[in-house]
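# Reading the structure
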Amino acid sequence: MSAGMGETMRTRAITSTLTARLTPTVPSASQTYEPLVRSILRQRLTRNIFAFSAAFTLVDETSAFARLLSPGTWTMACLKWFVGVLPVIAMRKVYLTSAATPATSPAKMLTNAIAKPGTRQSLAVYMSCTLMLVMLHMSSFTSEEREHLRLNIFVKSRKHPYYLNGRLLFLVLAQLWLAASFLLRNIMLDRFVFRWTKPLKPSELPYSLSNLPKLLLMMVLFTSFSSMVYSVAFGLSRMLVLPLLLKLPVVSSIVRPFIGHLAKGAWTLTLPISHWSLLVRSFMMGLVTVMSWEFAESLFDAYVPQPIKVGILTADPNVTVVSGITTQDTVFAHFAYSELAELASDESSTGSTRRTALFGDQKYSPSLWNVLARQSLLRLGQDYQAFLRRGAPITPPVAVAPAVPKPKDPPSTPLIRKAIFKAPRQSPLGSMLDSVSSDSELSKAANAVAGEMEERANQMHIPELFRSVAPSSAAAPAASAILAKPTSSIISGFTAQAKSYSRNFIVGYCPAWLKELTMRWKKWFYRERLNKVVEVCLPNRELDALIIEALSHFVCASLVEDRYGVVQRDIPRIIEAFLSFLSAIEEYQIEVNAKYTPPTPDELSEGDTKILEKRNDAFRALKTGVANISRTFGDKLVAFKFPPRTARKLQSFVDYT
């Protein structure tokens, strides 16, 4: 009985109350790292850039120390900063990008900038700020200054009450021209791109006593040159463009009631002599404006790219910094790798403790070191592929159309497609009617004969008088197609001829010195710069240099501080990535030396064979990093396995060290 019961009993598993604990992953950069960096950047913007730029505007407003104590001076300075400088700083913050402009000449740089919508919006911001500053300047004039400068909106004329004041028009257009010139200067300097800089000393900041005279001299020269070019352009427009506008039928009726009087009067080139005070006032007003802008832009260039340390502000600094390198924004990645490079090279006991904790982390899956190594090698690999493409974008794969399936073979047994029954005998009347129908054999034969005769007539070149006046069905579509064909080629050819004729007409009346000057300027404007060609191949070279520096120092420190050998497993991959990148750069150096010849004295002074090395931070970092690893490990590198090409390259470093 008991045996039978034992056979029928079922075994039941004992349920456990324990639950599987999931190992957490490294948090994303948007959760831990980016908010801290944004808060520090916000503090720099308000405490450094806003404060110093506002103070500079106040200094420009006060011409004497006694006026500094006046409430009206403070109010006017605050208004000028608020409407003239603050929008420029905000625009710079909004349009700041980490992607460098892929241009190798000033012409390409200007073309790329014009194609961006942000450039037009930036021009609108600069011009709006300029107009607001002009209004504030004019509102601060005393009655004596208004009477002396004569800057009313309309001229005092009963016959023509809507004639615009030429002096005011000259002043406003001069400030707008200066704003456009300042934006053009920023485009040539590529100022809207994030520029990584090392920590600056107090003497290198824009408000230091050594830099303020340089800024003042630079802006004086820039304003003088811009004012001279504007005066020439304004004079040529008054002598050449304005008379043509006043002769156009529709345009003349619109502009003549406002600016018709500007075409009259003394010769344009003698006007500056009689309006010298207006020129001086326009120059000083523009100088104060561009100095305020340049000082604010210099503060932005100096404070924003400075390294940021946010790891010490959190409970677990290693997790915060490692999570920062997972960001997709290159600017935040710069800050994260800068802090990692400093941690990797820190020789203090605190740095050693943090590195040991980083190498031995088992709290996260994947571990902190695995995330660091994977993200770093991934970024280096992407930039390595971009360098092999010489900075060109990735071409999308060409979609191959699927092959059309072949029709199935017909069956082997042939089909009989003829009537198998004997056709009924047709009546004589029906046979006669079928013979004269449109689809009868007789009609088909007649059409064939007519077509053959028409073909022979075409071959014999019979005059059109003896041919049929009724067009054939095939000729009608052809004629309509010819008539419907657009005349775009004719219009484009006429436009090209008109441009060529105008160019030759203008060049024919130009003096020889002006032609030579124009040719030199054109050659300078369109010539590709060797340093720009090198920089386009590797746009993220500063970030790559930081990654290489951090990885190389971590590998060197792992010889003593890596207790579990976590870093040792990745050393072959890291060294192979470094040497592959270095070999590609050295091969490109040979290509640059063979293809390019530095045409300018500046490039010649840098040296033809060293242009790539001096323009590429990653190249120097690669050589230094591999040399440090070879010097630290020495003969211990024999324990690792490398590909033959990597081993030969590494052996040269080991032999040298």
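What you see is a predicted model, and the numbers here were worked out from it, not measured in a lab. (Residues numbered from 1 in each chain as written. Predicted model: local features only at pLDDT ≥ 70, side-chain atom pairs only at ≥ 80, totals over all residues. Heavy atoms only, no water.)

### A look at the overall build of the chain
In terms of helices and strands, the chain carries 29 helices and 0 strands. Counting the 657 residues in the chain, one finds 36% classified as buried. Here the analysis covers contacts within the chain between residues at least 6 apart in sequence; of these, 79% occur between residues at least 24 apart. Just so you have it, the chain exposes about 41,900 Å², and 64% of that area is on carbon and sulfur atoms. (Helix = DSSP H or I, 4+ residues; strand = E, 2+ residues; numbered from the N terminus. Buried < 20%, exposed > 50% of the residue type's maximum accessible area, 1.4 Å probe, protein only. Contact = heavy atoms within 4.5 Å. Areas by Shrake-Rupley, 256 points an atom, 1.4 Å probe, with all protein chains shown as cover.)

### Considerations on the packing of aromatic side chains
A full pass over the atoms with the stated rule returns 25 aromatic pairs. Aromatic side chains W369 and F554 sit 6.1 Å apart centroid to centroid with 75° between the ring planes, which places their arrangement in the edge-to-face category. Remark: F554 occurs in helix α24 (residues 541-561) and W369 occurs in helix α17 (residues 368-388); sequence separation between them is 185 residues. Take F554: its relative accessible area is 0%, and that puts it in the buried class. Centre to centre, the rings of F525 and Y526 are 5.3 Å apart; their planes meet at 90°, and the pair counts as edge-to-face. Looking at F525, the relative accessible area reads 12%, which means it is buried. Ring-pair connections join several aromatic residues into one group, and the members of that group are Y126, F182, F222 and W293. Lying across the ring of F222, R185 places its NZ or CZ 5.9 Å from the centre. (Phe/Tyr/Trp six-rings, centres within 6.5 Å; stacked < 30°, edge-to-face > 60°. Lys NZ or Arg CZ within 6 Å of the ring centre and 35° of its normal.)

### Structural notes on unusual backbone geometry
Excluding glycine, most residues fall at negative phi; most peptide bonds, likewise, are trans. S365 connects to P366 through a cis peptide bond whose omega is -5°. Assignment of secondary structure puts P366 in the loop between α16 (349-359) and α17. The backbone of D190 sits at a positive phi, close to 55°, despite the residue not being glycine. Within the secondary structure, D190 sits in the loop between α9 (166-189) and α10 (212-247). Residue classification places D190 among the buried residues on the basis of a relative accessible area of 8%. Positioned with a positive phi, R390 is a non-glycine residue whose angle comes to about 60°. Position of R390 among the secondary structure elements: in the loop between α17 and α18 (428-435). Relative accessible area serves as the criterion here: at 29%, R390 is assigned to the partly exposed category.

### Observations concerning the pattern of salt bridges
In the structure shown here, the tally under the stated rule is 18 salt bridges. A single salt-bridge network, built from bridges that share partners, covers R92, R185, R191, E294, E297 and D301. (Salt bridge = Lys/Arg side-chain N within 4 Å of Asp/Glu carboxyl O.)

### Some thoughts on the environment of D346
Its place among the elements puts D346 in the loop between α15 (330-344) and α16. Along the sequence, D346 and H553 sit 207 residues apart, while their C-alpha atoms lie 9.3 Å from each other. Ignoring anything within four residues of it in the chain, the contact list for D346 reads G351 and R355. Polar side-chain contacts of D346 include one of 2.9 Å to the side chain of S348. (Polar contact = N/O pair within 3.5 Å; in protein donor to acceptor, adjacent residues only side chain to side chain.)

### Here's the deal with the packing of helix α6 (residues 106-115) against α9
In the contact formed by α6 and α9, the axes pass within 9 Å of each other and the chain directions differ by 115°. In terms of orientation, α6 and α9 fall into the roughly perpendicular class. Of the two possible hands of crossing, α6 and α9 adopt the one that is right-handed. Of α9, the residues touching α6 (which contributes P106, M109, L110 and A113) are L184, I187 and M188. (Axes fitted to C-alpha atoms, helices over the stretch in contact; angles between N-to-C directions. Parallel < 35°, antiparallel > 145°, perpendicular 65-115°, else oblique. Left-handed = near helix turned anticlockwise from the far one by under 90°.)

### What to know about the confidence of the model for the chain
Of all residues in the chain, 74% have pLDDT values of 70 or greater, and the mean over the chain is 79. Mean pLDDT across the elements of the chain ranges from a minimum in helix α20 (residues 475-484), with 45, to a maximum in helix α5 (residues 86-94), with 94. Per-residue pLDDT stays below 50 along residues 603-609; that stretch engages in 14 contacts with residues further than four places along the chain or on separate chains. (pLDDT = per-residue confidence, 0-100.)

### A word on a nonpolar patch on the surface
Side chains of V232, L236, L240, V241, L245 and L248 sit close together on the surface and give an oily, nonpolar patch of about 500 Å² of accessible area. For V232, the position within the fold is in helix α10. Residue class for V232 comes out exposed when judged on its relative accessible area of 51%. (Patch = residues over 30% accessible without salt bridge, like charges linked within 9 Å, V, L, I, M, F, W, Y side chains within 5 Å.)

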